[in-house]
Amino acid sequence: MSDDATRPTAQVTLLGRHYVFACNPGEERKLERAARYLDRAMQGIHSQNNLLASENVALMAALNIAHELLEIQDARRDEEQQLGQLSERLERAMAGAAPGNRTPAE
């Protein structure tokens, strides 16, 4: 494992302030992308109330992003459950249509 002195870094800007973060090799673009997303969220909150301290803006943005993530995870879980139910229905329908399952009247 490499120490922080040899790890790649990425400079990001959040609410007009520059920060340098160490990250895993090859992850610089992902860190920068995440920082841009966070900065947009922080800018939106700051524009609504520019009296908030930067720390409060960051916390509100983090809570909003966590809420978005949880909503997406819930929706995905619901969709997976619906797909599972559809798959079960399809399997039952296919089993009922198998050649050995036909009645003599067919």
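Residues numbered from 1 in each chain as written. Predicted model: local features only at pLDDT ≥ 70, side-chain atom pairs only at ≥ 80, totals over all residues. Heavy atoms only, no water.

**Student:** Which residues make up the overall build of the protein, and what values do they have?
**Tutor:** Across its full length, the protein holds two helices and two strands. What you see in the protein, going N to C, is helices and strands ordered as β-β-α-α. Residue burial in the protein is summarised as follows: out of 106 residues, 11% are buried. Across the protein, contacts joining residues at least 24 apart in sequence account for 25% of those joining residues at least 6 apart. (Helix = DSSP H or I, 4+ residues; strand = E, 2+ residues; numbered from the N terminus. Buried < 20%, exposed > 50% of the residue type's maximum accessible area, 1.4 Å probe, protein only. Contact = heavy atoms within 4.5 Å.)

**Student:** Please provide a residue-by-residue account of a positive patch on the surface, values included.
**Tutor:** A grouping of Arg 29, Arg 33, Arg 36 and Arg 40 is seen on the molecular surface, where their side chains present a positively charged patch. Along the chain, Arg 40 falls in helix α1 (residues 28–48). (Patch = residues over 30% accessible without salt bridge, like charges linked within 9 Å, V, L, I, M, F, W, Y side chains within 5 Å. Areas by Shrake-Rupley, 256 points an atom, 1.4 Å probe, with all protein chains shown as cover. Salt bridge = Lys/Arg side-chain N within 4 Å of Asp/Glu carboxyl O. Lys, Arg positive; Asp, Glu negative; His and termini not counted. Charge placed at Lys NZ, Arg CZ, Asp CG, Glu CD.)

**Student:** Account for α1, naming residues and giving values.
**Tutor:** Over its 21 residues, α1 runs 30 Å from end to end, which matches the ideal 30 Å to within 8%, given 1.5 Å per residue. Of the positions making up α1, those classed as buried are Ala 35, Asp 39, Met 42 and Ile 45. Down the axis of α1, the sector holding all buried residues measures 125°, keeping them to one side. Across α1 from its buried face, at more than 90 degrees, point the exposed residues Arg 29, Lys 30, Arg 33, Arg 40, Ser 47 and Gln 48. (Expected span 1.5 Å × (residues − 1). Arc of directions from axis to C-beta.)

**Student:** Explain the side chain of Asp 39 to me, and be specific about the residues and the numbers.
**Tutor:** Assignment of secondary structure puts Asp 39 in helix α1. Although Asp 39 is buried, it forms no salt bridge, and the closest oppositely charged side chain is Arg 40 at an N-O distance of 7.5 Å.

**Student:** Describe in detail unusual backbone geometry, supporting the description with residues and values.
**Tutor:** Located in the positive-phi region is Leu 15, a residue other than glycine, with phi close to 55°. The residue Leu 15 is located in the loop between β1 (9–14) and β2 (17–22) in this model.

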